[in-house]
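In case you want the letters, here they are:
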Amino acid sequence: MQIFQCDNCSHPVYFDNNACLKCHNLLGFDSRYLRMISLKRDQNGQYVETSTGNGFHFCKNHDHDVCNWVISDENPSEVCIACSLNRIIPDITRKEYYERWKKIELAKHRLIYALLRWNFPIIPKAVDYEKGLAFNFESDSTMPDGFRVMTGHANGLITMNIAEADDVEREMARNNMDEVYRTVLGHFRHEIGHYYWGRLIWNTKNLESFRALYGDETYSYQEALNHYYQHGAPADWNQNFISAYATMHPWESWAETWAHYMHIVDTLETAYFYGLSIEPKVHESISVKSAQITENAYDCKNFDTIFEQWLPLSFMMNSINRSMGLQDLYPFVINLNVKEKLRFIHNVIHKL
């Protein structure tokens, strides 16, 4: 995620800020141009952009303090493009559910930001049921006894169990599933990968290349699922896959790898906006890579440039976490096969 600036006083501001800490003007994110804008009220009490006087209104969910996106007054919509994708939200009269929804919305808005950075069309399922996207955020309390809300994707509908936004419950799930990494944003990036498989791979010229790298997806998903939960991943999974779960079926290998590509690109954008350079102070004979992060990964067409910057950055981040007594921030090894799967995703996104 990039660092933004208040367009009234040039003070640094962040993606989820509602007000500038220096000039105290209200802030809103304009998704049309991917910028934060400073707002004030005009003589009629309407919000206008400080620098231009153009009229804006906040997304309806701004009233719930879960969205800081603004909409041009030329557009009568009450909800921003990110919130327009919501089909079900939890019962926010329950404080714990509201707090979970707030965390989920922050992660979802970061997801939509990334898709907009790639100029992907964001089509609500309410507009186009077959090709559109929608989100259900549900709790187990809405289910019959003994049933749970399953986080997943089905034909453009992404469902998330709001328990994922509870730190304790998510950590318990991570341990039960023997995962090294589990976050709300990570879930979104994985599930949106499934959605874009249908938009970018299925029934396109990319399908043959996908199968050459990921395998034949026509193999029964249910059989693959049963086999995985009965037998687990093969012992040598880390020679060909980014995670054990990725071994389950080619669709899951794609979604897992897609999520990692999004992790890499967004983290590198943050490093780029901080002007980060990595120059380890070690003897020249010791192979520790350096990096000059001088290009925004979202715009970079050369995958090798992205990869060469990511390795030193991930090593550095893991070292910093260990210095704080924390687990590695990126506890994964990108083998040669996964590198080529990432390259394929990069090329599909950039239409190379």
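Along every chain, residues carry numbers that run from 1 in the direction the sequence is written. For this predicted model, a pLDDT threshold of at least 70 governs which residues receive local features, and a threshold of 80 or more governs which side-chain atom pairs are given and counted, while totals over whole chains, interfaces and linings are taken from all residues. Hydrogens and waters are ignored; side-chain quantities use all the structure's heavy atoms.

### Considering the overall build of the protein
This is how the line gets drawn: Numbering of helices and strands runs from the N terminus; a helix is a DSSP stretch of H or I covering at least four residues, while a strand is a stretch of E covering at least two. Atoms considered for the radius of gyration are the C-alpha atoms alone. The globule rule reads 2.2 Å times the number of residues to the power 0.38. Buried means the residue's accessible area, taken with a 1.4 Å probe over protein chains only, is under 20% of the maximum for its type, while exposed means over 50%, and partly exposed covers the values in between. Any pair of residues with heavy atoms lying within 4.5 Å of one another is described as a contacting pair. In this description, accessible areas are obtained by the Shrake-Rupley approach with a 1.4 Å probe, and a residue is regarded as covered only by the protein chains that are shown. Charged-residue counts in this description rest on Lys and Arg as positive and Asp and Glu as negative, His and the chain ends being excluded. By convention, charge coordinates are those of NZ in Lys, CZ in Arg, CG in Asp, or CD in Glu.
For the protein, the helix and strand inventory stands at 8 helices and 13 strands. Expected size for 352 residues packed as a compact globule is a radius of gyration near 20 Å; at 21 Å, the protein falls within 12% of this value. If you line up the protein on its principal axes, its C-alpha atoms span 70 × 60 × 45 Å. Put simply, the protein has 352 residues, and 47% of those count as buried. Contacts spanning at least 24 positions in sequence make up 56% of the contacts within the protein whose residues lie at least 6 apart. Surface summary for the protein: the accessible area is close to 18300 Å², and the carbon and sulfur share equals 51%. The distance from the centre of the 33 positive side-chain charges to the centre of the 44 negative ones in the protein is 3 Å.

### Description of the sheet that holds strand S9 (residues 134-138)
Across a sheet, strands are paired by hydrogen bonds formed along the backbone, either parallel or antiparallel in direction. For the record, the criterion: Pairing between strands is defined by DSSP: at least two bridges between the two strands are required. Between N-to-C directions, angles span 0 to 180 degrees; the directions come from axes that are lines fitted to C-alpha atoms, helices contributing only their stretch in contact.
Ordered by their spatial adjacency, 4 strands build an open sheet running S8-S9-S11-S10, and the pairing between neighbours is mixed. The sheet is open, and its two borders are formed by strand S8 (86-88) and strand S10 (152-154), each paired with just one other strand. Here the average twist between neighbouring strands, direction ignored, is 25 degrees. Two elements, S9 and strand S11 (residues 157-161), share 5 bridges in a ladder whose sense is parallel. Bridge assignment links Asn136 to a residue of S11, and that residue is Thr159.

### Some thoughts on the packing of aromatic side chains
Defined as follows: Working definition: a ring pair exists when centres of Phe, Tyr or Trp rings (six-membered ring for Trp) sit within 6.5 Å. Plane angles under 30 degrees give stacked, over 60 give edge-to-face, the rest tilted. Only when the NZ of Lys or the CZ of Arg is both within 6 Å of the ring centre and within 35 degrees of the ring normal is a charge said to sit over the ring.
Considering all chains together, one arrives at 35 aromatic pairs under this definition. Relative to Tyr298, the ring of Tyr113 has its centre 6.1 Å away and its plane inclined at 90 degrees; by these criteria the two rings are edge-to-face. Of this pair, Tyr113 sits in helix H1 (residues 95-117) while Tyr298 sits in the loop between strand S13 (291-292) and helix H7 (303-323), placing them 185 residues apart in sequence. Assigned by exposure class, Tyr113 and Tyr298 land together as buried. Look at Trp310 and Tyr330: their rings are 5.0 Å apart centre to centre, the planes differ by 90 degrees, and that puts the pair in the edge-to-face class. Taken together, the residues Trp310 in helix H7 and Tyr330 in the loop between H7 and helix H8 (336-349) connect sequence positions 20 residues apart. As far as the burial class goes, Trp310 and Tyr330 line up, both buried. Over the aromatic face of Tyr97 sits the side chain of Arg94, whose NZ or CZ is 4.1 Å from the ring centroid.

### Some points on the nonpolar core
To be explicit about the condition: Note on terminology: a nonpolar core comprises buried Ala, Val, Leu, Ile, Met, Phe, Trp, Tyr and Cys residues joined through side-chain atoms within 4.5 Å.
Core analysis: the largest hydrophobic core is formed by 84 residues, its most contacted members being Ile192 and Trp258. Among the elements that line this core, the one with the most residues is H1, at 11 residues. With near-sequence residues (within four places) excluded, Ile192 lies in contact with Leu111, Leu115, Leu133, Ile158, Trp258 and Met262. Counting residues in hydrophobic clusters, the runner-up holds 6 residues, among them Ile37, Tyr47, Phe58 and Val70.

Purely spatial values, then, with no claim about function.
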